[in-house]
Amino acid sequence: VEFREIEDTDTVYPGEYLLHKPSRQIVVCGAYMKKEEKIKALANGRLLVGEIADFQKVLVNKDDQGKKRTFSRCKGCSS
């Protein structure tokens, strides 16, 4: 997992994960207000409004993104 500064050419989508640098928390973007230079995000169930400079994009590697957990079933009743 990597973090990258949000640039003027970037688009931040609602539901995207961001790092809130002052609180050092991973938050969920609620609204990206480019004209006001603010982002509304949800952190621990609370609405957080901050400057765009206070946030970073969370970049997930392709290897980490596709990991699936597998579970085996009980073999006792299968026969």
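As the structure is a computational prediction, the values presented were derived from the model and not from experiment.

S.K.: Go over the side chain of Gln-56 with me, naming the residues and quoting the values.
M.R.: Note that Gln-56 resides in strand E6 (residues 55-59). Judged by its relative accessible area of 14%, Gln-56 falls in the buried class. In this structure the side chain of Gln-56 is engaged in a polar contact, spanning 2.6 Å, whose partner is the side chain of Glu-5. Apart from the residues within four sequence positions on either side, Gln-56 is in contact with Phe-3, Arg-4, Glu-5, Ile-6, Leu-18, Leu-19 and Lys-21.

S.K.: How would you explain the nonpolar core if you had to name every residue and give the values?
M.R.: Within the largest apolar cluster, 11 residues are counted, these being Ile-6, Val-12, Leu-18, Val-27, Cys-29, Tyr-32, Ile-39, Ala-41, Ala-43, Ile-52 and Phe-55. Among the secondary structure elements, those contributing two or more residues to this core are strand E3 (25-33) and strand E4 (38-43). Excluding residues within four positions of it along the chain, Leu-18 makes contact with Ile-6, Val-12, Gln-25, Ile-26, Val-27, Cys-29, Ile-39, Phe-55, Gln-56, Lys-57 and Val-58.

Cut-offs and rules
Residues numbered from 1 in each chain as written. Predicted model: local features only at pLDDT ≥ 70, side-chain atom pairs only at ≥ 80, totals over all residues. Heavy atoms only, no water. Helix = DSSP H or I, 4+ residues; strand = E, 2+ residues; numbered from the N terminus. Buried < 20%, exposed > 50% of the residue type's maximum accessible area, 1.4 Å probe, protein only. Polar contact = N/O pair within 3.5 Å; in protein donor to acceptor, adjacent residues only side chain to side chain. Contact = heavy atoms within 4.5 Å. Core = buried A, V, L, I, M, F, W, Y, C linked by side-chain atoms within 4.5 Å.

Take it as geometry only, folks, not as evidence of what the structure does.
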